[in-house]
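Commentary on secondary and tertiary structure
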Amino acid sequence: MQTFLKGKRVGYWLSEKKIKKLNFLTFVDMCRKRGIEIIQLDLSRPLEEQGPLDVIIHKLTDHILEADQKDAQAQLLVQSVQDYIDAHPETVVLDPMPAIRTLLDRAKSYQLIHKIEALLQDDRICSPPFVVLHSECGRETLGQLQQRGITFPFICKTQVAHGTSSHEMAIIFSEDDLKSVKPPCVIQSFINHNAVLYKVFVVGEAYSVVERPSIRNFPIGPTDRRAISFNSHHVSKPESSSDLTTRDNLEGQSQAPSDDIIQMICRCLRQTLGISLFGIDIIINNQTGQHAVIDINAFPGYEGVPDFFDDLLSLVTSALQTKASVGGVYPRAGGVVVQGQGGGPVVSAAMETAPPTCAKPCGMLGNEGGAWVVDGEGGRKSQHQGRVSSCNSGVSASFKKHCAPSSLATKASSQ
């Protein structure tokens with residue numbers, strides 16, 4: 001047993017549904033066998049009574065959303081957890097709540113990934129342009145979409161990136177179906193990707209890539225096809241098979257995502273937000289071979305990732321070892337302020353997990369002048385000249401990839 005682990009206390013809060021789906025009690029047993037005291041937190045009681053806590057692992061997404069929707073009870077609960085975190089800088093938090101709020105808002109997370117891409121200046125990465133729509137489509141809507149690089153077909157998604165309704169999406173093929181767009185929503189250009197989605201599950205410095213079915217190719221430009229509504233959760237299940245996910249019309253390039261690109265994106269997200277438990281949905285443009293990030297998720301289901309608990313234990317152990325080496329106070333990097341409309345702050349995120357630094361100042365996102373407007377466009381991508389992959393310096397030495405079986409060929413459980 002590693003002596004610095006003995007007597008350390010880890011508190012966790014997950015919904016009962018999440019505990020069962022992850023079989024999280026297996027992880028609880030792993031911790032206890034290594035001398036770590038692990039307790040299930042009771043949020044109806046003050047955390048001070050349940051401490052001291054060296055590490056907190058949580059998925060408070062439902063409560064955070066309810067708090068942001070002005071639910072008084074949820075606001076008190078979330079604030080009580082944040083008050084404990086603020087009062088105990090020695091506690092490692094997986095993950096910081098301001099960062100979770102960013103990932104719960106597709107507009108903010110899409111802007112973040114575009115900002116990261118602009119810093120990376122790597123022409124192998126080009127996520128689709130997007131725009132946030134707050135009102136019904138009018139006569140001027142089509143022109144506004146075109147100005148911002150949105151072309152037919154495009155996808156409509158809810159702005160909230162959590163909950164059952166967040167999976168309900170629609171593909172719009174022509175101006176005639178703009179009336180089918182239901183604001184508030186995020187509109188994102190559709191990219192043909194040969195019906196393959198790559199789900200990247202990240203646990204600190206480890207990640208697994210799992211193949212999933214995705215939306216089939218469609219002709220570029222407006223067509224007379226009617227709008228298609230679908231549930232992305234059902235479409236991307238390992239066993240999914242329908243006309244919407246057919247791979248009968250493959251064209252152009254078909255390739256797996258590049259490890260160094262995944263590592264660059266993961267590193268910058270970790271450094272910017274201080275997150276360690278997240279998922280990234282990546283597709284590969286079948287014409288250009290470019291990688292496109294189409295969603296980022298906080299504490300995903302990790303389905304199809306057999307090494308999840310081993311990696312989570314390694315993450316906790318590493319954090320505790322870091323605490324022990326610096327005298328018990330875990331290093332938290334400075335906050336990240338992303339500007340919103342009018343220059344107001346959209347998110348201020350402390351880097352709780354202190355990931356390794358990268359050559360590009362990802363931790364300075366949003367601080368380098370100029371407002372980053374949430375209600376504006378994702379922006380038409382500029383052409384990058386060459387590749388300057390600054391965030392990947394030293395990446396290969398620290399990131400660990402697990403090879404997961406392709407779920408397009410084998411069935412697996414799905415959350």
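Note that the structure is a prediction, hence the values are computed from the model and not measured.

Here the focus is the overall build of the chain. Tallying secondary structure elements over the chain gives eleven helices and 16 strands in all. The long-range share in the chain, meaning contacts at least 24 apart out of those at least 6 apart in sequence, stands at 76%.

A full pass over the atoms with the stated rule returns 13 aromatic pairs. Ring geometry for Phe173 and Phe218: centres 5.0 Å apart, planes at 70°, overall edge-to-face. Here Phe173 is found in the loop between β7 (168-172) and β8 (185-189), whereas its partner Phe218 is found in the loop between β10 (206-213) and β11 (228-231), with 45 residues between them in sequence. Summarising the burial analysis for this pair, Phe173 and Phe218 share the class buried. One aromatic cluster is present, built from ring pairs that chain together Tyr12, Phe24, Phe27, Phe201, Phe299, Tyr302, Phe308 and Phe309. Over the ring of Phe173 we find Arg225; its NZ or CZ atom is 5.6 Å from the centre of that ring.

Moving on to the sheet that holds β11. Taking strand neighbours across the sheet as the criterion, the five strands line up as β5-β8-β6-β7-β11 in an open arrangement whose pairing is antiparallel. Edge strands, defined here as strands with exactly one partner in the open sheet, are β5 (130-133) and β11. Between one strand and the next, the sheet's axes are offset by a mean angle of 25°, whatever the strand orientation. As paired elements, β7 and β11 share four bridges and run antiparallel to each other.

Helix α4 (residues 72-87) packs onto helix α3 (residues 61-68) with a crossing angle of 120° between their chain directions and a minimal axis gap of 7 Å. Taken together, the axis directions place α3 and α4 in an arrangement best described as oblique. Between α3 and α4 the crossing geometry is left-handed. Residues His63, Ile64, Glu66 and Ala67 of α3 form the contact with α4, whose participating residues are Ala74, Gln75, Leu77 and Val78. The residue makeup of the contact of α3 with α4, split by class, is five nonpolar, two polar and one charged.

Here the focus is the pairing of strand β9 (residues 196-203). Of all eight residues in β9, eight are buried; the element is thus mostly enclosed. Side chains Val196, Tyr198, Val200 and Val202 project from β9 onto one buried face, and the interleaved Leu197, Lys199, Phe201 and Val203 project onto a second face that is buried too. Direction of pairing for β9 relative to β10: antiparallel, over a ladder of eight bridges. When the bridges of β10 are listed, Val203 appears paired with Ala206.

This next bit is on the sheet that holds strand β1 (residues 9-13). Pairing within the open sheet is parallel, and its four strands lie in the order β2-β1-β3-β4. Two strands lie at the open edges of the sheet, namely β2 (37-40) and β4 (92-94), each paired on one side alone. Each strand of the sheet is rotated relative to its neighbour by a mean of 15°, with strand direction disregarded. Pairing between β1 and β2: four bridges, direction parallel. Within the sheet, the bridge partner assigned to Tyr12 lies in β2 and is Gln40.

To continue, consider the side chain of Gln290. Summarising the element assignment, Gln290 is placed in the loop between β12 (277-284) and β13 (291-298). Note on Gln290: relative accessible area 19%, which makes it buried. Separated by 2.9 Å, the side chain of Gln290 and the backbone oxygen of Asp123 make a polar contact. There is a polar contact of 3.1 Å between the side chain of Gln290 and the side chain of Thr288. Excluding its chain neighbours within four sequence positions, the residues that come into contact with Gln290 are Asp123, Arg124, Cys126, Ile283, Ile284 and Asn285.

What counts, and at which threshold
Residues numbered from 1 in each chain as written. Predicted model: local features only at pLDDT ≥ 70, side-chain atom pairs only at ≥ 80, totals over all residues. Heavy atoms only, no water. Helix = DSSP H or I, 4+ residues; strand = E, 2+ residues; numbered from the N terminus. Contact = heavy atoms within 4.5 Å. Phe/Tyr/Trp six-rings, centres within 6.5 Å; stacked < 30°, edge-to-face > 60°. Buried < 20%, exposed > 50% of the residue type's maximum accessible area, 1.4 Å probe, protein only. Lys NZ or Arg CZ within 6 Å of the ring centre and 35° of its normal. Pairing = 2+ DSSP bridges. Axes fitted to C-alpha atoms, helices over the stretch in contact; angles between N-to-C directions. Parallel < 35°, antiparallel > 145°, perpendicular 65-115°, else oblique. Left-handed = near helix turned anticlockwise from the far one by under 90°. Nonpolar A, V, L, I, M, F, W, Y, C, P; charged D, E, K, R; others polar. Polar contact = N/O pair within 3.5 Å; in protein donor to acceptor, adjacent residues only side chain to side chain.

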